[in-house]
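The lines below spell out each chain.
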Amino acid sequence: MTLNFYIRFSTKFGQTLFVSGNNKSLGNEDFTQAVSLQYFNEEFWRGRVDVPSTEINSSDIEYRYMLKEADGTRVIEWGNDRVIKLSKISFSEIVLIDTWNHAGDIENAFFTKAFQEVLLVSTLAPAKQKSIKTYTHEFKVKAPLLKEDEVVCIGGSGLQLGEWQTNQPLLLSKEGNWWTIRLNLTSEIFPIAYKYGVYNTRQKMFSSYESGKNRTLNSESGKPALTVIHDGFAQFAFPNWKGAGVAIPVFSLRSETGFGTGEFSDIKLLVDWAKISGLKLIQLLPINDTTATHSFADSYPYAAISSFALHPLYLNLGKMAGSKNTGVIKLLKKKQADLNNLPEVDYEQVMKVKFSVARELFILQQDEFLNDAKYFEFFELNRHWLVPYAAFCYLREKYKTADYNQWKSQRIFDEAAIQRLASPTQKHYDSIALHYFIQYHLYLQLKDATAYAHRNGIVVKGDLPIGIYRYGCDAWMAPELYNMNTQAGAPPDDFAIKGQNWGFPTYNWKKMQEDGFAWWRKRFEQMSEYFDAFRIDHILGFFRIWSIPLNAVEGIMGKFVPAIPVHINELNNQSISFLPNRYCRPYIPDHVVNERFGQEADYVKEHFLFWKDGSFQLKPDFDTQRKIEHYFSLQPESTQFHLVKQGLFDMVSNVIFFEEEGSQMQRFHFRINMHQTTSFRDLDDYTKQKLKQLYINYFFHRQDDFWKKEGLNKLPDLKRSTNMLVCGEDLGMVPDCVPDVMRQLGILSLEIQRMPKDAQREFFHPADAPYLSVVTPSTHDMSTIRGWWEEDAGKTQRFYNAVLGHYGPSPFYCEAKINKEIIIGHLFSPAMWSIFQLQDIMGIDETLRRNNPEEERINIPADPKHYWKYRMHIGLEELINKKEFNKELQTYIKASGR
């Protein structure tokens, strides 16, 4: 059989096209073995492939196209839904006329799991077309946004296409993603002009043709052939689909049956409320196990000890006990009531009780559980992470630390050794199987909750953290996948002026790419068990990560990796008199010490500094921030010590350049915000001017193409490995290349009113949002609308006048009507999604919202030891019964077209 490929694509000089598929003739999906196509005309590239008979009956052919740029960069088109069933085709020649599927096309979003399995699920019986035995052409087109009573039809020139008549148009039937019709055009005169249209099956009436020019089809001369036309997307003039959602961590949910924290079972109540309010999505924070220290520090949801295991915090003990062991739960009624009545989550107490009860229930149910066929199926499907995770938890408890470097055995992961450790024949097997038991019940409860959401038409959106916990199971199992000698974080911004240090190791992307990002693919596969969409936390990290050395505490000590450094020749060319000690060593002259420490200056000079070469230097015991932090951790708490410690941190960071390791003082990276240091201030004006020019070039120009290639080297492969709707958290110091790459890949951006990406604007207006985006007035990392309103009176006043369009002074407090106005402004945005923190939604009602807006905040990024304990102040059952409030919210959502 011969396959003739025609791909509609207009190329530029140096570009070439290839086709790849899932059989040997097409390279077995190895794009290095893809079949090269040839330029045909301004509209098409074409190629010819002979398929031997041995491949015809083996399987269906799936194929797609690849564009290769002049510099070798590859762009693979989106999707994998072009399928040719060779065994059912009698022709010896097939002509395939295709349209390139650009990943950034808006319509592709509607073929993700969120839409295909939740939002656009049709209950309409598919239209039936007349079956014909002999056909020469197969037309295929996609149209994801048809209404329940609408189908695609086709009309055009020639007898078979009805000569454009619309009384009885030819109806297409749905086959997978494609609307399809098969016709015999043997007697037709080519070229044929045609268009797709919409037909209303309830009214039995033609609605309209698609917009744009007529489509044309030419005849291919030669032997008889079947022609299959994949026409891409029908150009119907439908309004853009829009939805609204709510964001809240699971631990923040409150219900009458709770145990002092939100649980997976509470998601059902959240779904009930979302449905009656007109919301279509619930967004959660990460839900993986973070149990490392058994302290409140584990409340940080982005420091998971496993990227696969779920957090025991979210267990519903009653469901775990079942009907046979209700007595165990009844004994806890008072403790449950005490914890559930607390205004915030008492993380340590809740975890202590849940672990204790889970252990007791495991003992009671052990025999039945370990012989459960459904559990065995779960175990087999998840053993690649479940066994190492359970062993890790056992060893963490045995050695009283999650830091595997301190364990007396199994410090270095060995799979065979771990399998022996986890063998059912071991005396300690129950201590390992306990974690199988807990994870299985978490799986059942989350699966049940998300299935309930889907049945009710609600999308569940997860959160993909950018990092992993340094002393967690992932790092223990495969330390080679991470740069364990660095820390990930973020550069300074308005919310954290010294930057952020998350403490996570950075990714070894080169190593990860060797097996096709297998770890990431497994991670996405696990998430898709529950979620329909997800947010990529700090998507900028896929282009470059803010990397901080282990000896530093503050994020301000970091630099972007990878990055093109400044070479010493660039400094020389600018006539900058470069002195390594002056630019790369902490600048601590006498007047700077006096200025920074004031009356504590003599104490600092005596205890922490020494004089050398006309300036002070830090003593070896205090020459890094980590050493300084350790010293003061041993001292009693006092304001004096706190101020001195912070001052010494500032001395360490008082540099202009960080030398690139191993460069022998030839290559350098600017310290972020170097112009704010006294080291920079004390330079002569000429040098400062030249350094500023290099600084701007370093951060905002020279890296852009380099970082773009880095992003395109990772994100396309990762996005192709999942069918979840992908959203990126693209906040902070955003390189110019990031929005372009996200548009190319169809990744939704995040737009926040108080964090405009245009440096020339103080506020972003939701009306200016691109369609493929999520708009929100606040996130878990910032204050709520009401809290923000009270933070800066001057900024609030400008917002009140310029954005909301009101005259006169702004109210001191954010009244409900102001909160409501901001919410409505976001609902009417053109963005695909408007998602709100639950606190912001409740803020539109004076009687429903919390009295103190400061109690509504979830996280403070500037505080690395923040306790994540926010909890709803009313129960979900009470919220569901607020009928007037819910009806009002539904009215606003419906009026906005969401």
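Residues numbered from 1 in each chain as written. Predicted model: local features only at pLDDT ≥ 70, side-chain atom pairs only at ≥ 80, totals over all residues. Heavy atoms only, no water.

(A) Representation of the overall build of the chain within the structure. A tally of helices and strands in the chain yields 30 helices and 37 strands. The globule rule puts the C-alpha radius of gyration for 898 residues at 29 Å, and the 31 Å found for the chain is close to it. Along the three orthogonal principal directions, the C-alpha set of the chain runs to about 100 × 80 × 70 Å. If you sum the accessible surface of the chain, you get close to 40100 Å²; carbon and sulfur atoms cover 50% of it. Of the side chains in the chain, 103 bear a positive and 108 a negative charge, and the two mean positions are spaced by 3 Å. (Helix = DSSP H or I, 4+ residues; strand = E, 2+ residues; numbered from the N terminus. Rg over C-alpha atoms; globule rule 2.2 N^0.38 Å. Areas by Shrake-Rupley, 256 points an atom, 1.4 Å probe, with all protein chains shown as cover. Lys, Arg positive; Asp, Glu negative; His and termini not counted. Charge placed at Lys NZ, Arg CZ, Asp CG, Glu CD.)

(B) Quick peek at a negative patch on the surface. Where like charges cluster on the molecular surface, the negative patch consists of E790, E791, D792 and E854. Along the chain, the position of D792 falls in the loop between α25 (785–789) and α26 (793–803). (Patch = residues over 30% accessible without salt bridge, like charges linked within 9 Å, V, L, I, M, F, W, Y side chains within 5 Å. Salt bridge = Lys/Arg side-chain N within 4 Å of Asp/Glu carboxyl O.)

(C) Representation of helix α24 (residues 737–745). Restricting attention to buried positions, one finds in α24 the residues C737, V738, V741, M742 and L745. Down the axis, α24 shows its buried residues gathered within 130 degrees of arc, on one side only. Tucked into the core, α24 has its buried residues touching α22 (704–712), α23 (715–720), β34 (725–728) and β35 (749–752). Of the residues one or two after α24, G746 is the one with positive phi, at around 70 degrees. (Buried < 20%, exposed > 50% of the residue type's maximum accessible area, 1.4 Å probe, protein only. Arc of directions from axis to C-beta. Contact = heavy atoms within 4.5 Å.)

(D) Spotlight on the environment of P562. Structurally, P562 is set in the loop between β28 (559–561) and β29 (566–567). Residue P562 is classed as partly exposed on the basis of its relative accessible area, which comes to 26%. On a C-alpha basis, the gap between P562 and Q753 in space is 30 Å, while along the polypeptide they are 191 residues apart.

(E) Region of interest: the pairing of strand β16 (residues 205–209). Where strand β15 (residues 192–200) and β16 come together, four bridges link them in antiparallel fashion. Looking at the pairing, Y199 lines up with F206 of β16. Remark: four residues form the turn of the hairpin made by β15 and β16, two consecutive strands paired antiparallel; K204 in that turn has positive phi of roughly 50 degrees. (Pairing = 2+ DSSP bridges.)

(F) A look at the packing of aromatic side chains. Across all of its chains, the model carries 86 aromatic pairs by this definition. Taken together through their ring pairs, the aromatic side chains of F362, F369, Y375, F378, F379, Y429, Y436, F437, Y440, Y443, Y530 and F531 make up a single cluster. Above the face of the F597 ring, R596 is positioned so that its terminal group lies 6.0 Å from the ring centre. Positioned above the aromatic ring of W78 is the side chain of K719, whose terminal nitrogen or guanidinium carbon lies 3.7 Å from the ring centre. (Phe/Tyr/Trp six-rings, centres within 6.5 Å; stacked < 30°, edge-to-face > 60°. Lys NZ or Arg CZ within 6 Å of the ring centre and 35° of its normal.)

(G) Examining the environment of D621 more closely. Looking at where D621 falls in the secondary structure, it is placed in the loop between β31 (615–618) and α18 (625–633). It is 32 Å that separates the C-alpha atoms of D621 and S409, two residues lying 212 residues apart in sequence.

(H) Region of the structure containing helix α13 (residues 518–527). Listed in full, the buried residues belonging to α13 are W519, W520, R523, F524, Q526 and M527. Angular distribution of buried residues about the axis of α13 spans 160 degrees; they occupy a single face of the element.

(I) Region of interest: the sheet that holds strand β9 (residues 93–99). Pairing is mixed in the open sheet, where eight strands are placed in the order β4-β5-β1-β9-β18-β10-β14-β13. Looking along the sheet, the strands with just one partner apiece sit at the ends: β4 (38–39) and β13 (173–175). As defined by bridge partners, strand β1 (residues 2–8) adjoins β9 across seven bridges and the pair is classed as parallel. Opposite Y6, over in β9, you have I97 as the bridge partner.

(J) Summary view of the nonpolar core. Ranked by internal contacts, the top residues of the largest apolar core, which has 201 residues, are Y436, W520, F670 and L691. Here this core gets 14 residues from one element, more than from any other, and that element is helix α8 (residues 373–399). The contacts of Y436, once residues within four sequence positions are left out, are F369, Y375, F378, F379, L386, V387, A390, A422 and Y429. Listed in part, the 29 residues of the second largest apolar core include V151, W179, Y194 and F206. (Core = buried A, V, L, I, M, F, W, Y, C linked by side-chain atoms within 4.5 Å.)

(K) Geometry of the packing of helix α27 (residues 816–827) against helix α30 (residues 883–895). Direction vectors running N to C along α27 and α30 enclose 40 degrees, while the axes themselves pass 9 Å from each other. Facing K820, I824 and L827 of α27, the residues of α30 in contact are E888, Y892 and I893. Classifying every residue of the contact of α27 with α30 by side-chain character gives four nonpolar, no polar and two charged. (Axes fitted to C-alpha atoms, helices over the stretch in contact; angles between N-to-C directions. Nonpolar A, V, L, I, M, F, W, Y, C, P; charged D, E, K, R; others polar.)

(L) Region of interest: the sheet that holds strand β27 (residues 545–549). The strand order across the open sheet built from four strands is β24-β23-β27-β28, with neighbouring strands paired in antiparallel fashion. Edge positions in the open sheet fall to β24 (500–501) and β28, since each of these has one partner strand only. With four bridges joining them, strand β23 (residues 486–490) and β27 adopt antiparallel strand pairing. The partner of Q487 across the bridge, within β27, is I548.

(M) Examining the pattern of salt bridges more closely. What the rule picks out here adds up to 48 salt bridges. Residue R82 is joined to E77 by a salt bridge in which the shortest nitrogen-to-oxygen separation is 2.5 Å. The pair R82 / E77 is uniform in exposure class, with both members buried. A salt bridge links D650 to K498, with the nearest nitrogen and oxygen atoms 2.7 Å apart. Of the two residues, D650 sits in helix α19 (residues 639–652) while K498 sits in the loop between β23 and β24, which places them 152 residues apart along the sequence. Accessibility expressed as a relative area gives 26% for K498, which makes it partly exposed. Through salt bridges with shared partners, a single ionic network connects E138, K140, E175 and R182.

(N) Fine view of the packing of α8 against helix α10 (residues 429–455). In the contact formed by α8 and α10, the axes pass within 8 Å of each other and the chain directions differ by 130 degrees. Classified by the angle between their axes, α8 and α10 sit oblique to one another. Here the hand of the crossing between α8 and α10 comes out right-handed. Here K374, Y375, F378, F379, W385, L386, V387, Y389, A390, C393, Y394 and R396 of α8 come into contact with α10, specifically with S431, I432, H435, Y436, Q439, Y440 and Y443. (Parallel < 35°, antiparallel > 145°, perpendicular 65-115°, else oblique. Left-handed = near helix turned anticlockwise from the far one by under 90°.)

(O) View of the side chain of N886. Residue position: N886 is located in helix α30. Judged by its relative accessible area of 3%, N886 is buried. Excluding its chain neighbours within four sequence positions, the residues that come into contact with N886 are W273, I276, S277, L879 and I880.

(P) Structural view of the environment of V19. Structurally, V19 is set in strand β2 (residues 16–21). Residue classification places V19 among the buried positions, given a relative accessible area of 0%. Along the chain, V19 and L120 lie 101 residues apart, while their C-alpha atoms are 31 Å from each other. V19 has contacts with F5, L26, A34, V35, L37, Y63, R64 and Y65, leaving out every residue within four places of it along the chain.

(Q) Spatial organisation of the pairing of strand β36 (residues 773–776). Because side chains alternate across β36, one face comprises the buried residues S773 and V775, and the other comprises V774 and T776, equally buried. Judged from the four bridges that link them, β35 and β36 form a sheet pairing that is parallel. Bridging across to β36, L750 finds its partner in V774. Note: β36 against strand β37 (residues 833–837), two bridges, orientation parallel. What sits directly across from V775, in β37, is S834.

Worth remembering: the numbers are spatial, not functional.
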